[in-house]
Amino acid sequence: MKQEENISLGGLKTGEGGIIISKLDDLLNWSRLSSLWPVGFGLACCAIEFMSTASSAYDLDRFGVIPRNSPRQADVMIVSGTVTFKMADRVKRLYEQMADPKYVISMGSCANCGGPYWEHGYHVLKGVDRVIPVDVYVPGCPPRPEALIGGFLKLQEKIRTESIMRPKALEKLMKKDAV
Ligand code: SF4
């Protein structure tokens, strides 16, 4: 294969003789963003849209997104629904049980900011980012499956720029120390 016919695979380059040359960062990021495994849980009506997104009509599997039943096997948390004060603790515990690097998608107005319960919902957390860090916010009440897929594409873009020299967990720790 000639040099000008090289194929680009998300930052990886295949060259003559089947040799692949890439940065370690690109290789790790490519493998991470191609196999995002969300925790299979939901909190309210938005979870129905999450389930639809995983159905054959929308086929999340084609992005390598496969829901897992254990937080220990997952690297993405989709907060799909209303986070009540009672559930906030559980959501935080699930997040802490996930291994690093891990990511959070806040799906829908309730998880983003309290949604319809913003003003009078005495029992609702006004945004899940008050208990866990959020990487991508998906707006809507509820967001359609296409919007959640858009959220995953956004997350993939974010992961593509990560570096092992700046691990996310270390960055978070340093931010905490700086406060
Ligand atoms: S954002 Fe709307 S659809 Fe989603 S959980 Fe809240 S009320 Fe239900």
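Basis of the calculations
Throughout this description, residue numbers start from 1 for each chain and increase along the sequence as written. Residue-level local features of this predicted model are given only where pLDDT is at least 70; pairs of side-chain atoms are given and counted only at 80 or more, and the full residue set underlies all totals for whole chains, interfaces and linings. Processing note: side-chain calculations cover all non-hydrogen atoms of the structure and skip hydrogens and water entirely. UniProt positions are given in the numbering used here, feature names are shortened, and annotations may be inferred rather than shown by experiment. To define axes, lines are fitted to C-alpha atoms, for helices over the stretch in contact only, and angles between the resulting N-to-C directions are given on a 0 to 180 degree scale. Numbering of helices and strands runs from the N terminus, with a helix taken as a DSSP run of H or I at least four residues long and a strand as a DSSP run of E at least two residues long. An angle counts as roughly parallel when it lies under 35 degrees, as roughly antiparallel when it exceeds 145, as roughly perpendicular when it falls between 65 and 115, and as oblique in every other case. For any pair of crossing helices, the crossing counts as left-handed if the nearer helix is rotated counterclockwise from the farther one by less than a right angle, and right-handed if it is rotated clockwise. By the convention used here, residues are in contact when the closest approach between their heavy atoms is within 4.5 Å. Two strands make a pair as long as DSSP finds a minimum of two bridges between them. One side-chain nitrogen of Lys or Arg within 4 Å of one carboxyl oxygen of Asp or Glu is enough to make a salt bridge. Think of it in three bands: with a 1.4 Å probe and only protein chains considered, a residue is buried below 20% of the maximum accessible area for its type, exposed above 50%, and partly exposed in between.

Under the annotation held in an unreviewed UniProt entry, the protein chain carries the name NADH-quinone oxidoreductase subunit B and is attributed to Ekhidna lutea. Listed under Sequence similarities (unreviewed entry) in UniProt, the entry text for the protein chain is "Belongs to the complex I 20 kDa subunit family."

Student: Can you walk me through the packing of helix 1 (residues 24-33) against helix 5 (residues 145-160) in this structure?
Tutor: Each pair of packed helices can be described by the angle between their axes along with the distance between the axes. Their axes nearest at 9 Å, the elements helix 1 and helix 5 cross at an angle of 165°. Compared by their axis directions, helix 1 and helix 5 come out roughly antiparallel. Both helix 1 and helix 5 take part in a crossing whose hand is right-handed. Where helix 1 approaches helix 5, its residues Asn 29, Arg 32 and Leu 33 are matched on the opposing element by Gln 156, Ile 159 and Arg 160.

Student: For this particular structure, what's the right way to read the sheet that holds strand 5 (residues 103-107)?
Tutor: Sheets are built from strands paired through backbone hydrogen bonds, the pairs being either parallel or antiparallel. If you trace the three strands from one edge of the open sheet to the other, you get 4-5-6, paired in parallel fashion. Each of the sheet's edge strands pairs with one partner strand only, and the pair in question is strand 4 (76-80) and strand 6 (136-138). Neighbour-to-neighbour, the strand axes of this sheet turn through a mean angle of 15°, independent of strand direction. As paired strands, strand 5 and strand 6 are joined by three bridges and run parallel to one another. Across the sheet, the residue bridging to Ser 106 is Tyr 137, located in strand 6.

Student: So what exactly am I meant to see when it comes to the pattern of salt bridges here?
Tutor: Where charged atoms of side chains with opposite charge meet at close range, the side chains can pair. Inspection of every chain in the model, using the stated rule, returns four salt bridges. In this structure, the salt-bridge partner of Lys 92 is Glu 96, at a minimum N-O distance of 3.2 Å. Note that Lys 92 and Glu 96 are positioned in helix 3 (residues 85-97) at a spacing of four residues, about one turn of the helix. Here Glu 146 and Arg 144 are joined by a salt bridge, their closest N and O atoms 3.0 Å apart. In this structure Glu 146 comes out as partly exposed when scored by relative accessible area, which is 42%.

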